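# Coordinate analysis (summary)
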Amino acid sequence: MSTIILGIESSCDDTSAAVISDGLLLSNVIASQKVHEEFGGVVPELASRAHQQNIVPVVDTAIKRAGIDKSDLSAIAFTRGPGLLGSLLVGTSFAKGMSLGLRVPIVDVNHLHGHVLSHFIREKADDPVPQYPFLCLLISGGNSQIILVKSYDDMEILGQTIDDAAGEAFDKCAKIMGLPYPGGPHIDRLASKGDPAKFKFTKPHIGGLDYSFSGLKTAFLYTLRDAVKTDPGFIEKNLADLAASLQATIISILMDKLDKAVKMTDVKTVAIGGGVSANSGVRQAVADYCDRHNLKAFIPKRSFTTDNAAMVAIAGYYKYLSKEFCPYDAAPYARVTV
Ligand code: KG4
């Protein structure tokens, strides 16, 4: 009999449900919330309400698209944290209710584990998956971590940001440039038309494998503020070059530490995950680096870089196989590392 897992993700502003059967993805449905755009960031209360509206149709659609009946489910996996508490509560409560109704266990998933394990989602039986141990560069709006992944539940953080995350650097600098939120994808698009060597921004000097991005944001702000004083049209005229130079600096900061981590650990496989791993420049830089160093690169499909329930379902699948079920009194958590 197949092991069929329903995954539910509601940690931030995407309501998502996915079905995985014996590790193979059958469906992955994501309802993004447009309601936050006019506020320039996610408004937690609006996010919870939108999850509440979306969760039933999203889960229903995921089950239908998977071509299964809900009675076929072996377990329900849900994101327990980290994330926005109100949003997490919607997914957590829904998962508990559905599991009680169907008499199947629930499995709680750490959202960050989900991002790392997204590389194990297979759409075809022969899709390659990473061999343990491997390094994962987890870069999103809230995290920048280099993780040594030893197994599905044994992950060691070798380095992480001491202030802003890589995604925050993209988003905050994009805001300074007057771009809409979230700015990362806009910078990516503009950067493809600009000169990455046009502007130089100093890189932080942080020891070990930790990252820092807040200094870059400040340097970027001061550069633009001074330039605008003498030329009010500076930003508009240099939009593509600014985006390309900013992106190149962020990539260089990320790659310097990744290189150090590879040398320290001697791993043979490098993966990336999280929203920023959708960035074309980051993807190319990691692929080129792995080529040069004879390493296997795992670059996720763009649909698996941002929040999605397929990664929750695959993480839940491995926990289910080890019979790591979640008690019904488990509450969501806002903060945690891997
Ligand atoms: O993993 P994620 O969806 O959730 C959070 O942790 O919030 O990551 C969102 C982040 C945002 O900062 C967004 O600007 C960034 O990922 N992002 C990108 C790109 N696509 C999303 N950053 C740079 N280039 C992209 N193409």
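These numbers come from a predicted model, not from an experiment.

### Examining the nonpolar core
Judged by nonpolar contacts, the single largest core of 48 residues is most densely connected at Met177, Leu242 and Leu254. With 12 residues, the top contributor of residues to this core is helix H8 (residues 239–265). Beyond its immediate stretch of four places on either side in the chain, Leu242 contacts Met177, Phe199, Phe201, Phe220, Leu224, Phe234 and Ile235. One finds Ala77, Val107, Val116 and Ala315 within the second-largest nonpolar core, a separate group that totals 31 residues.

### As for the site of the ligand
Around the ligand, 18 residues are found, and the nearest of them are Gly141, Asp171, Asp188, Gly275 and Asn279. Take Gly167: an N or O atom from its main chain is 3.3 Å from an oxygen atom of the ligand. Between Gly275 and the ligand, the recorded distance is 2.9 Å, taken from a backbone N or O atom to an oxygen atom. For the shell around the ligand, the class distribution of residues is 5 nonpolar, 10 polar and 3 charged. Each of domain 1 (4–127 + 304–321) and domain 2 (134–300) accounts for three or more of the residues forming the shell around the ligand.

### What to know about the pattern of salt bridges
Tallying each qualifying case throughout the model produces 16 salt bridges. Of the charged contacts, one joins Asp108 and Lys319 as a salt bridge, the two residues approaching to 3.3 Å between their closest N and O atoms. Of this pair, Asp108 sits in strand E5 (residues 106–110) while Lys319 sits in helix H10 (residues 309–321), and the two are 211 residues apart along the sequence. Residue Asp108 shares its accessibility class with Lys319, and that shared class is buried. Linked by salt bridges that have partners in common, Asp164, Glu168, Lys172 and Lys217 make up one network.

### Some points on the sheet that holds strand E9 (residues 269–273)
Read across the sheet, 5 strands follow the order E8-E7-E6-E9-E10 without closing on themselves; strand pairing throughout is mixed. Each edge of the open sheet is held by one strand with a lone partner, namely strand E8 (154–160) and strand E10 (296–298). Ignoring which end each strand starts from, the neighbouring axes of this sheet average 25 degrees apart. Across 3 bridges, E9 lies against E10 in parallel orientation. The residue bridging Thr269 from the neighbouring strand is Lys296, located in E10. Its contacts with the sheet put helix H9 (residues 280–292) on strand E6 (134–139), E9 and E10, and the angle it makes with E9 is roughly 175 degrees.

### Re the domain arrangement of the protein chain
Domain parsing of the protein chain yields domain 1 (4–127 + 304–321) and domain 2 (134–300). Taken over C-alpha atoms, the centre of domain 1 sits 27 Å from the centre of domain 2. Buried area between domain 1 and domain 2, summed over both chains or domains, comes out near 1,500 Å², and the portion from carbon and sulfur atoms is 77%. On the domain 1 side of the interface with domain 2, the three residues burying the most area are Val116, His119 and Thr305, jointly 42% of the side's total. Where domain 1 packs against domain 2, one counts 0 salt bridges. Only helix H3 (111–117) and H10 provide two or more residues apiece to the side of domain 1 that touches domain 2.

### Notes on the sheet that holds strand E1 (residues 4–9)
The strand order E3-E2-E1-E4-E5 describes an open sheet built from 5 strands, whose pairing is mixed. Every other strand in the sheet has two partners, leaving strand E3 (24–32) and E5 as the edge strands with one partner each. Strand-to-strand twist across the sheet, computed as the mean angle between neighbouring axes with direction ignored, equals 20 degrees. Across 8 bridges, the pairing between strand E2 (residues 14–21) and E3 is antiparallel. Across the sheet, the residue bridging to Ser21 is Leu24, located in E3. Packing of helix H1 (residues 44–66) onto the sheet brings it into contact with E1, E2 and E3, and relative to E2 it is tilted by some 25 degrees.

What counts and how
Residues numbered from 1 in each chain as written. Predicted model: local features only at pLDDT ≥ 70, side-chain atom pairs only at ≥ 80, totals over all residues. Heavy atoms only, no water. Core = buried A, V, L, I, M, F, W, Y, C linked by side-chain atoms within 4.5 Å. Buried < 20%, exposed > 50% of the residue type's maximum accessible area, 1.4 Å probe, protein only. Helix = DSSP H or I, 4+ residues; strand = E, 2+ residues; numbered from the N terminus. Contact = heavy atoms within 4.5 Å. Near = heavy atom within 4 Å. Polar contact = N/O pair within 3.5 Å; in protein donor to acceptor, adjacent residues only side chain to side chain. Nonpolar A, V, L, I, M, F, W, Y, C, P; charged D, E, K, R; others polar. Domains from an automatic or database assignment. Salt bridge = Lys/Arg side-chain N within 4 Å of Asp/Glu carboxyl O. Pairing = 2+ DSSP bridges. Axes fitted to C-alpha atoms, helices over the stretch in contact; angles between N-to-C directions. Buried area = accessible area lost by both parts, 1.4 Å probe.

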